[in-house]
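Here is how the chains run, residue by residue.
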Amino acid sequence: MAKLNTTVLSLCVVLAFLAGQSAAGRYYADKVQDKVRKEVEKAIAYNPSVGPALVRLVFHDCWVNGCDGSVLLDKTPTDGTNTEKKAVNNIGLAGFEVIDTIKQKVGGSASCADILVFAGRDAADILSGGKIFYTLTGGRKDGVSSSASAADATLPSSTFDFSQLQDNFGAASHGFTVEELVVLSGAHSIGVAHLSSYQDRLAGADVTPIDSSYQAALIKVTPPGLLTQGQDPTVPNNARDASSAFQKAAAYDPVKLGVNPTRGVLDNSYYHNTLENKVLFKSDWVLRTDSFAAGKLEEYKNNATEWNSDFADAMVKLSNLPALQGKEIRKSCRFTNQQYY
Ligand code: HEM
Ligand SMILES: *[C@@H]1O[C@H](CO)[C@@H](O)[C@H](O)[C@H]1NC(C)=O
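Conventions and cut-offs
Residues numbered from 1 in each chain as written. Chains lettered and ligands numbered in written order. Predicted model: local features only at pLDDT ≥ 70, side-chain atom pairs only at ≥ 80, totals over all residues. Heavy atoms only, no water. UniProt positions renumbered as here; feature names shortened; annotations may be inferred. Helix = DSSP H or I, 4+ residues; strand = E, 2+ residues; numbered from the N terminus. Rg over C-alpha atoms; globule rule 2.2 N^0.38 Å. Buried < 20%, exposed > 50% of the residue type's maximum accessible area, 1.4 Å probe, protein only. Contact = heavy atoms within 4.5 Å. Disulfide = S-S within 2.5 Å. Domains from an automatic or database assignment. Buried area = accessible area lost by both parts, 1.4 Å probe. Phe/Tyr/Trp six-rings, centres within 6.5 Å; stacked < 30°, edge-to-face > 60°. Lys NZ or Arg CZ within 6 Å of the ring centre and 35° of its normal. Core = buried A, V, L, I, M, F, W, Y, C linked by side-chain atoms within 4.5 Å. Donors = N, O, S within 2.8 Å, 3.2 Å for Na, K, Ca; no water. Expected span 1.5 Å × (residues − 1).

As annotated in an unreviewed UniProt entry, the chain is Peroxidase from Digitaria exilis. Here the chain is described in UniProt, under the heading Function (unreviewed entry), as follows: "Removal of H(2)O(2), oxidation of toxic reductants, biosynthesis and degradation of lignin, suberization, auxin catabolism, response to environmental stresses such as wounding, pathogen attack and oxidative stress." Annotation of the chain in UniProt includes, under Catalytic activity (unreviewed entry), the sentence "2 a phenolic donor + H2O2 = 2 a phenolic radical donor + 2 H2O".

See the structure below:
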């Protein structure tokens, strides 16, 4: 009986979740994209935390040598096991099993790079309740190299200041504007971060400005001293997704702020939070230090529709960054074909 109740309960949770998502059951009339869609819906219903992970994978794959599935590799002939997954800036990367499951379903009909961008697109659609949606086509080739040091040299760090972020996004290999930097940073309305990614905001006299209640609430749930004990716990990126007790301690009231209080939604709440200094990373806060970027923060805070649409456009641009070293359609997303038996 107890077991039955648990089963019924979890079924209800899944159904309630799907009922809340107007994006459920989208069809593409493309075999590969329909299979990806089905698996992403299942994976998120089973474990909502893979949704943000799949969105982040698009950035972390496509930013480094274009969208070539290099972030998925466990091992390559040239890099050994020192692949992008080992990069410091790739801390917390997840969702790899979802990509593996999809690969098993689609076989040789799509590259891992295609699967990854399709999966990120579906996750954004589902997490936004159908408000963020864009069309993509296939044809990307998978790369055969993946380097941790190259990833760290290419991906932005959470301790970057504004000019470093601007240079990183504007680099020739990326070609993204400050507006697109502000738009894409809104992805931090979902998911989680490790203490080591925001510890610089918790201590010291000259930390980048952070709301004092929010800072105190963070210190309480994740005391920075834990790092010296070898622990690196996580908190939600968005105070909206934290417990009521945390919100109280942080003096964070989503409704008063004009934020939809539903946890886990990909929306423009990031802009409300950033303008209150209730945001985790220095790289988020520094957007306030540039007058153009700060204007954009205000604009996206005040216009959710505009952000949904600009975010979708920027994700298309990201998902279409050309694979500089794309060579093959991998048999397994974790290994190059040369090393797959
Ligand atoms: C602007 C420069 C950016 C920096 C410095 C940055 C940095 C970070 C860091 C440090 C984390 C937490 C990692 C951890 O501690 O586990 C994170 C999480 C995340 N980032 Fe970013 N990020 C940036 C841009 C982006 C972009 C462009 C996207 C997507 C389009 C994105 C999507 C995400 C998501 C969804 C998460 C949560 C992942 C999860 O919960 O699994 N970020 N980011
Ligand atoms: C919000 O942005 C959209 C798209 O850019 C625009 O058409 C609309 O007029 C804006 N709404 C307001 C209230 O400014």
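Further notes follow.
Asks: Mind showing me how you'd approach the overall build of the chain here?
Replies: Summing up its helical and strand segments, the chain has 16 helices and four strands in all. At 20 Å, the chain has a C-alpha radius of gyration in line with the 20 Å of a compact globule built from 341 residues. Dimensions along the principal axes, computed over C-alpha positions, put the chain at roughly 55 × 55 × 45 Å. The buried share among the 341 residues of the chain stands at 51%. Sequence-distant contacts in the chain: of pairs separated by 6 or more residues, those separated by 24 or more amount to 72%.

Asks: Just checking my understanding: could you explain the state of the cysteines for this structure?
Replies: The term disulfide refers to a covalent linkage connecting the sulfur atoms of a pair of cysteines. Going through the model one piece at a time under the given rule, you end up with two disulfides. Two residues, Cys62 and Cys67, share a disulfide whose sulfurs are 2.1 Å apart. Between Cys62 and Cys67, the S-S dihedral sits near 115 degrees, and the bridge is therefore right-handed. There is no split in this pair, since Cys62 and Cys67 are both buried. Described in terms of the sequence order of its bonded cysteines, the disulfide pattern of the chain is 1-2, 3-4.

Asks: When you look at the domain arrangement of the chain in this model, what are you seeing that I'm missing?
Replies: Where the parts come together, the accessible area they lose is often given as the size of the interface. Each domain of the chain was delimited in the assignment, giving domain 1 (2–156 + 318–340) and domain 2 (186–314). Between the C-alpha centres of domain 1 and domain 2 the distance comes to 25 Å. Across the boundary between the two partners, domain 1 contributes twelve residues, which contact 14 residues of domain 2. Carbon and sulfur atoms make up 71% of the surface buried where domain 1 meets domain 2, a total of about 950 Å² over both sides. Listing elements by their share of the side of domain 1 that touches domain 2, those giving two or more residues are helix H3 (50–62) and helix H5 (112–127).

Asks: Is there a simple way to think about the packing of aromatic side chains in this case?
Replies: Centre-to-centre distance and the angle between the planes together describe a pair of aromatic rings. Applying the stated criterion across every chain, the model contains eleven aromatic pairs. Both rings, one in Tyr214 and one in Phe246, keep their centres 6.1 Å apart while their planes meet at 90 degrees; by these two values the pair is edge-to-face. Of this pair, Tyr214 sits in helix H10 (residues 212–221) while Phe246 is found in helix H11 (residues 244–249), placing the two residues 32 residues apart along the sequence. The pair Tyr214 / Phe246 is uniform in exposure class, with both members buried. Put simply, the rings of Tyr270, Tyr271, Tyr300, Trp307 and Phe311 touch in pairs and so form one group of aromatic residues. One residue, Lys317, lies across the ring of Phe176, its end atom 4.6 Å from the ring centre.

Asks: Help me out: how do you make sense of the nonpolar core in this one?
Replies: Across soluble globular proteins, nonpolar side chains show a tendency to be buried alongside one another. By size, the foremost hydrophobic cluster in this structure holds 71 residues, and its most contacted members are Val40, Leu57, Trp63, Leu72, Ile99, Phe311 and Leu318. A per-element tally of this core places H5 first, with ten residues. Excluding residues within four positions of it along the chain, Ile99 makes contact with Leu54, Leu57, Leu72, Ile115, Leu116, Ala119 and Cys333. Counting residues in hydrophobic clusters, the runner-up holds 20 residues, among them Ala193, Leu195, Ala217 and Ala250.

Asks: How should I be thinking about the coordination of the iron atom of ligand 1 in this particular structure?
Replies: Note on metal geometry: ideal angles are 109.5 degrees for four donors arranged tetrahedrally and 90 or 180 degrees for six donors arranged octahedrally. No other protein atom reaches the iron atom of ligand 1 as a donor apart from His188 (NE2), found 2.1 Å away. Of note, His188 is situated in the loop between helix H8 (178–185) and strand E2 (192–194).

Asks: What is the right way to read H5 from this model?
Replies: Residues spaced three or four apart along an α-helix point in a common direction, a consequence of the helix completing one turn every 3.6 residues. With 16 residues, H5 extends 22 Å between its outermost C-alpha atoms, agreeing within 8% with the 22 Å of an ideal straight helix rising 1.5 Å per residue. With respect to burial, H5 is a largely interior element, 16 of its 16 residues being buried. Phi for Gly129, located one or two positions after H5, is positive at around 65 degrees.

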